[in-house]
Amino acid sequence: MTEVYSIDPLIIKTPYEITYKHSYGKTSKFFTSLSSGKLMTTRCEHCKVTFLPPRADCPNCLRETKWVEISGKGTIHTFTTLYFSGEKFLKDLPFQLVYVDLEGVDTLFLTRLKTKDMKKVKVGMKIRMRISKELEWRSSDVWAEPYE
Ligand SMILES: [Zn+2]
């Protein structure tokens, strides 16, 4: 049902829903491995580079990458605090997004930080990745938490 908020200018509120069918293709293993509690990503054995998010093919030499398990431990490279977000996360505001340096990974990984004290967050802080027990097969199934 459409609601009218104002006449001049005309502003309406109307339900909007889509069903989105998405394939993770060659990077599906990242998500399917989460169900067994593993954090997997890809590595180019030729270039000796490990990517996260996983890449099916190396952007440097274009060779196919191999899957490797990572510990999920690392440090905060940089962070920001969000005071607005997409609808799914509005209830959690404010929260922090972080780029993390993970052990055994050569790229930075953007993820959400879940912490009880946002004021203590700083660059270089130790974190570990956590995996949701109720997978939605989305990137929000993993996040970082302070560690130690
Ligand atoms: Zn390569």
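Calculation notes
Residues numbered from 1 in each chain as written. Predicted model: local features only at pLDDT ≥ 70, side-chain atom pairs only at ≥ 80, totals over all residues. Heavy atoms only, no water. Donors = N, O, S within 2.8 Å, 3.2 Å for Na, K, Ca; no water. Tetrahedral: all angles 85-135°; square planar, octahedral: opposite > 155°, others 65-115°. Buried < 20%, exposed > 50% of the residue type's maximum accessible area, 1.4 Å probe, protein only. Core = buried A, V, L, I, M, F, W, Y, C linked by side-chain atoms within 4.5 Å. Helix = DSSP H or I, 4+ residues; strand = E, 2+ residues; numbered from the N terminus. Contact = heavy atoms within 4.5 Å. Patch = residues over 30% accessible without salt bridge, like charges linked within 9 Å, V, L, I, M, F, W, Y side chains within 5 Å. Areas by Shrake-Rupley, 256 points an atom, 1.4 Å probe, with all protein chains shown as cover. Salt bridge = Lys/Arg side-chain N within 4 Å of Asp/Glu carboxyl O. Polar contact = N/O pair within 3.5 Å; in protein donor to acceptor, adjacent residues only side chain to side chain.

Engineer: Just to check I follow, could you spell out the coordination of the zinc ion for this structure?
Structural biologist: Those donors, Cys44 (SG), Cys47 (SG), Cys58 (SG) and Cys61 (SG), are the protein atoms that reach the zinc ion, and they lie 2.3 Å from it. With 4 donor atoms in place around the zinc ion and angles of 102 to 114° between them, the coordination shape is tetrahedral. With relative accessibility at 27%, the residue cysteine 47 sits in the partly exposed group.

Engineer: What should I look at first to understand the nonpolar core in this one?
Structural biologist: In summary, soluble globular proteins display a tendency toward joint burial of nonpolar side chains. Val100, Leu102, Ile127 and Met129 are the most contacted members of the largest nonpolar core, which totals 19 residues. Elements supplying a minimum of two residues to this core: helix 1 (28-34), strand 7 (95-102), strand 8 (109-113), strand 9 (126-131) and strand 10 (142-146). If sequence neighbours within four positions are ignored, isoleucine 127 has contacts with Gly72, Lys73, Gly74, Thr75, Ile76, Val100, Leu102, Leu113, Ala144, Glu145, Pro146 and Tyr147.

Engineer: Would you mind going over unusual backbone geometry with me for this structure?
Structural biologist: Working note: non-glycine residues mostly have negative phi, and peptide bonds are mostly trans. In this chain, aspartate 8 is followed by proline 9 through a cis amide linkage whose omega measures 5°. Position of proline 9 among the secondary structure elements: in the loop between strand 1 (3-6) and strand 2 (11-13). Residue proline 94 is reached from leucine 93 by a cis peptide bond, and omega for that bond is -10°. Topologically, proline 94 is positioned in the loop between strand 6 (73-82) and strand 7. Even without being glycine, lysine 48 reaches a positive phi, approximately 60°.

Engineer: Is there a simple way to explain a nonpolar patch on the surface in this structure?
Structural biologist: A cluster of nonpolar side chains, Val4, Ile7, Leu10 and Ile12, forms an exposed patch at the surface whose accessible area comes to about 430 Å². Relative to the assigned elements, isoleucine 7 resides in the loop between strand 1 and strand 2. Looking at isoleucine 7, the relative accessible area reads 69%, which means it is exposed.

Engineer: How do you make sense of the pattern of salt bridges when you look at a structure like this?
Structural biologist: Close approach of charged atoms lets side chains of opposite charge pair. Inspection of the entire model under this criterion finds 5 salt bridges. Measuring nitrogen to oxygen at the nearest pair gives 3.8 Å for the salt bridge that ties arginine 43 to glutamate 45. Judged by relative accessible area, which is 38%, glutamate 45 ranks as partly exposed. With its nearest N and O atoms 2.8 Å apart, the salt bridge here joins glutamate 136 to lysine 88. One end of the pair, glutamate 136, is in the loop between strand 9 and strand 10; the other, lysine 88, is in the loop between strand 6 and strand 7, and 48 residues separate them in sequence. Glutamate 136 sits in the partly exposed class, given a relative accessible area of 42%. Its relative accessible area of 36% is what places lysine 88 among the partly exposed residues. Each member of the salt-bridge network shares a partner with another, and the members are Lys91, Asp92 and Arg112.

Engineer: Honestly, the side chain of arginine 112 in this entry has me stumped. Any pointers?
Structural biologist: Inspection of the secondary structure puts arginine 112 in strand 8. Of note is the side chain of arginine 112, whose polar atom sits 3.1 Å from the side chain of aspartate 92. With residues up to four places along the chain from it excluded, the contact list for arginine 112 reads Phe89, Asp92, Phe95, Gln96, Leu97, Val98, Trp143 and Ala144.

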